[in-house]
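Understanding the architecture of this molecule
If you want the building blocks of each chain, they are given just below.
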Amino acid sequence: VVGVGRKLVAHLGDDVYKMDNLNGTFTSIRTSAPIYRSYNAVVKQNLIQTYDNYGAEYYWDGTAATMSILSASAPGFKHAVETQGYILGGNISSAKLRIYYEDINTMIGGTFADYFTLTGGRDDEVTGFFVLNGRTYAGTRTAVFRISFIGGSAVFDYKQVIDVGVIPGTLKTVVTEQFGQVAMFLGTDMIVYVF
């Protein structure tokens, strides 16, 4: 379940539904969606929905009657985030530490040809992204990396900041009274971390 503007969106079974202004009425915006866990990100005020089966990414602009394929060229990534005017898409079936990026103004129908690959072991993978106090991070099964926009031919750089992995689906960003904005996740060592 995720909010886009004043809409609530839920993926239930093989359908995706929206609810306007919490009015209690669900309306289908996609049928025949994969019956796999889905992940949602809001990028340039569009809902981006990705799936555990590495299927095609779909988007919804909050007003259309149905969701549409983001791009036929997008590689089927599991996780997405918006940062510095780009959409980052991580964890594809053939390269689970690879992160593709595309300008948010060309993401619909874009080429998704550019990427960088995080360091990690053979069985490692991107398990999610989070933005904390304006900085973007990628969690993997073995570490957390800060991703920085540097421009030029490299565009992005990354640096490992934590040597504990993040279990998929456990990463949440919250605001606390005492510490402000923090990220919380279940580490691969089964300890809950606050970052």
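Residues numbered from 1 in each chain as written. Predicted model: local features only at pLDDT ≥ 70, side-chain atom pairs only at ≥ 80, totals over all residues. Heavy atoms only, no water.

Considering unusual backbone geometry
Non-glycine residue S32 carries a positive phi angle of around 60 degrees. Within the secondary structure layout, S32 lies in the loop between β4 (26-30) and β5 (38-43). Backbone geometry places V155, a non-glycine residue, at a positive phi of 65 degrees. Take V155: it is sitting in strand β16 (residues 155-162). (Helix = DSSP H or I, 4+ residues; strand = E, 2+ residues; numbered from the N terminus.)

Focus: the environment of G24
Its location among the elements puts G24 in the loop between β3 (15-20) and β4. Given a relative accessible area of 56%, G24 falls into the exposed group. Considering only alpha carbons, one finds G24 and V194, 170 residues apart in sequence, at a separation of 35 Å. (Buried < 20%, exposed > 50% of the residue type's maximum accessible area, 1.4 Å probe, protein only.)

Topic: a nonpolar patch on the surface
Taken together, the side chains of V174, M184, V192 and V194 present a nonpolar region at the surface, about 320 Å² in accessible area. Along the chain, V174 falls in strand β17 (residues 172-176). (Patch = residues over 30% accessible without salt bridge, like charges linked within 9 Å, V, L, I, M, F, W, Y side chains within 5 Å. Areas by Shrake-Rupley, 256 points an atom, 1.4 Å probe, with all protein chains shown as cover. Salt bridge = Lys/Arg side-chain N within 4 Å of Asp/Glu carboxyl O.)

Regarding the pairing of strand β18 (residues 180-186)
Of the strand pairs in this sheet, β17 and β18 are connected by five bridges, and their pairing is antiparallel. Looking at β18, one finds that V175 is bridged to Q181. If you look at the hairpin formed by β17 and β18, you'll find three residues sitting between the two strands. As paired strands, β18 and strand β19 (residues 192-194) are joined by three bridges and run antiparallel to one another. Counted as the bridge partner of L186 is V192 from β19. Linking two consecutive strands that pair antiparallel, namely β18 and β19, is a turn of five residues; a positive phi of about 65 degrees is found at M190 within it. (Pairing = 2+ DSSP bridges.)

Examining the nonpolar core
Ranked by internal contacts, the top residues of the largest apolar core, which has 16 residues, are L88, I99, L118, F129, I147 and F156. Counting residues per element, the ones that place at least two in this core are β10 (86-92), β11 (95-103), β13 (126-132), β15 (144-151) and β16. Sorting elements by how many residues they give to this core places β11 first, with three residues. Ignoring any residue separated from it by four or fewer positions in sequence, one finds I147 in contact with L88, I99, F116, F129, T136, A138, F156, D157 and Y158. (Core = buried A, V, L, I, M, F, W, Y, C linked by side-chain atoms within 4.5 Å. Contact = heavy atoms within 4.5 Å.)

Some words on the pattern of salt bridges
All chains considered together, the criterion is met by five salt bridges. With a shortest N-O distance of 2.9 Å, D20 and K18 are connected by a salt bridge. You can call K18 buried: its relative accessible area is 15%. Between R141 and E125 there is a salt bridge, with its nearest N and O atoms 2.7 Å apart. Note that R141 is positioned in the loop between β14 (135-140) and β15 and E125 in the loop between β12 (114-117) and β13, a separation of 16 residues in sequence. For R141, a relative accessible area of 32% puts it in the partly exposed group. Here the salt bridges do not stand alone but share partners, grouping D52, K78, E125 and R141 into one network.

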